[in-house]
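Listed here are the chains, written in short residue letters.
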Amino acid sequence: MSKVKLATAWLEVCSGCHMSFLDIDEEIVPLLEKVQICYSPVADPKAIPKVDVGVISGALGNDEEMEIAREMRENCDILIGWGDCAVFGGINCMRNTYSREEALVEAYVNSPSTVNPEGILPGEDIPTLLPKALPIDYAVKVDVYVPGCPPDAETILWVFKELLEGRIPKVPVDMMRYD
C-alpha cells in the first residue's frame with residue numbers, strides 16, 4: 001500500500017500549530033510509515049505537488065498567502081485548516097480595524113522594536129497586504145477544520161488517524177483547545 005502524500009503550509013501564523021504537530025512525539029514514527037510529507041515550510045519547497053492531504057495553518061494576510069492557499073487547494077484531495085488563524089482568522093484579525101496603510105506604519109515605523117527614523121515603508125519587495133486578514137475558507141474550500149491555538153497534539157494525531165481510516169473527521173468539541 002502506498003503512503004498518503006501530505007503537504008503542509010503556514011501562512012500568517014506563529015508556527016505553533018506545526019510545533020504542536022511535532023508534539024505528537026514518538027507517535028510520529030508509525031504515522032510516517034503511512035504518510036509521506038511531500039511539501040513543508042521547513043523543506044525549502046518550490047511548488048506544491050499533487051497530494052492526498054493538504055494542511056494549512058495561518059490566516060490569509062497578503063496576496064502571496066492567497067496564492068499559496070489556492071495552489072494547495074488545487075493540488076490536494078482533502079484540505080485541512082489547522083488552528084484558529086486558519087479556521088477563524090485568529091489574532092491576525094486584530095489589524096482588521098485599521099487600513100493597510102495604518103497597519104504598515106504600525107509594523108514598520110511605530111513598533112517599539114523598529115528603528116526607522118525616515119519612516120520608510122516597504123514597497124513592492126514584500127507581498128501586498130489584503131485589506132483584511134481572513135480565515136482560509138474565505139478563499140478556498142476546507143474539508144476539515146481543526147481549531148485551537150494551537151490544536152492539541154492528540155487532536156492532530158486523531159485527525160490523521162481518522163483520515164487514514166478513510167473517514168473525514170469532525171473534531172468533537174471536547175477535543176478543541178482554547179487556552
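Throughout, a residue's number is its position along its own chain's written sequence, starting from 1. Restriction of local features to residues with pLDDT of at least 70 applies here, the model being predicted, together with a cutoff of 80 or more for giving and counting side-chain atom pairs; totals for whole chains, interfaces and linings are based on all residues. In computing side-chain properties, one takes all heavy atoms of the structure into account and sets aside hydrogens as well as water.

**A closer look at the pattern of salt bridges**
In a structure, side chains of opposite charge can pair up when their charged atoms sit close to one another. Salt bridges are defined as contacts in which a side-chain nitrogen from Lys or Arg sits within 4 Å of a carboxyl oxygen from Asp or Glu. Tallied over the entire structure, the rule returns four salt bridges. Of the charged contacts in the structure, one is a salt bridge between Asp77 and Lys50, with a shortest N-O distance of 3.0 Å. In this pair, Asp77 sits in strand β5 (residues 76-82) while Lys50 sits in the loop between β2 (35-39) and β3 (51-57), placing the two residues 27 residues apart along the sequence. Residue Lys141 pairs with Asp143 through a salt bridge whose shortest N-O separation is 2.3 Å. Connected via shared salt-bridge partners are Arg73, Lys141 and Asp143. Put simply, DSSP marks the helices as runs of H or I at least four residues long and the strands as runs of E at least two long, and each gets a number from the N terminus on.

**A few points about the sheet that holds strand β7 (residues 144-146)**
Strands were regarded as paired on the criterion that DSSP finds at least two bridges between them. On the basis of which strands lie adjacent, the open sheet formed by five strands has the order β2-β1-β3-β5-β7 and parallel pairing. Each having just a single partner strand, β2 and β7 make up the two edges of the open sheet. Averaged over all adjacent pairs, the angle separating strand axes in this sheet is 25°, with direction ignored. Across six bridges, β3 lies against β5 in parallel orientation. Along β5, the bridge assignment pairs Gly54 with Leu79. Together, β1 (4-10), β3 and β5 form the strand contacts of helix α3 (residues 63-75), whose direction differs from that of β5 by roughly 135°. Contacts are assigned to residue pairs that have any heavy atoms within 4.5 Å of one another. In this analysis an axis means a line fitted to C-alpha atoms, helices contributing only their contacting stretch, and an angle means the value between N-to-C directions, from 0 to 180 degrees. Along the sheet, helix α6 (residues 153-164) contacts β1, β2, β3, β5 and β7; its crossing angle with β5, the most-contacted strand, is approximately 160°.

**A look at the nonpolar core**
Here, nonpolar core means buried Ala, Val, Leu, Ile, Met, Phe, Trp, Tyr and Cys residues that are tied together by side-chain atoms lying within 4.5 Å of each other. Buried means the residue's accessible area, taken with a 1.4 Å probe over protein chains only, is under 20% of the maximum for its type, while exposed means over 50%, and partly exposed covers the values in between. Ranked by internal contacts, the top residues of the largest apolar core, which has 21 residues, are Phe21, Ile80, Trp82 and Phe160. Only α1 (16-22), α2 (28-32), β3, β5, β7 and α6 provide two or more residues apiece to this core. Sorting elements by how many residues they give to this core places α6 first, with six residues. Not counting chain neighbours up to four residues away, the residues in contact with Trp82 comprise Cys17, His18, Phe21, Val55, Ile56, Ser57, Gly58, Val146, Ile156 and Phe160.

**With respect to unusual backbone geometry**
Of note, the amide linkage connecting Cys149 to Pro150 takes the cis form, showing an omega dihedral of -15°. As for its position among the elements, Pro150 is in the loop between β7 and α6. Residue Ser15 is not a glycine yet carries a positive backbone phi of 85°. The phi dihedral of Asp25 falls on the positive side, at around 50°, and the residue is not glycine. Secondary-structure assignment places Asp25 in the loop between α1 and α2. Assessed through its relative accessible area of 47%, Asp25 is described here as partly exposed.

**Side note on α3**
Multiplying one less than the number of residues by 1.5 Å gives the expected span of a helix. In this model α3 runs 18 Å from its N-terminal to its C-terminal C-alpha over 13 residues, within 8% of the 18 Å that 1.5 Å per residue would give. Among the residues making up α3, those that are buried are Glu65, Met66, Ala69, Met72, Arg73 and Asn75. In protein, a polar contact means a hydrogen-donor-capable atom and an acceptor-capable atom, both N or O and within 3.5 Å, with residues adjacent in sequence counting only if both atoms are side-chain atoms; elsewhere, any N or O pair within 3.5 Å suffices. Of the residues that open α3, the one with a side-chain oxygen 3.0 Å from the backbone nitrogen of Glu64 is Asn62.

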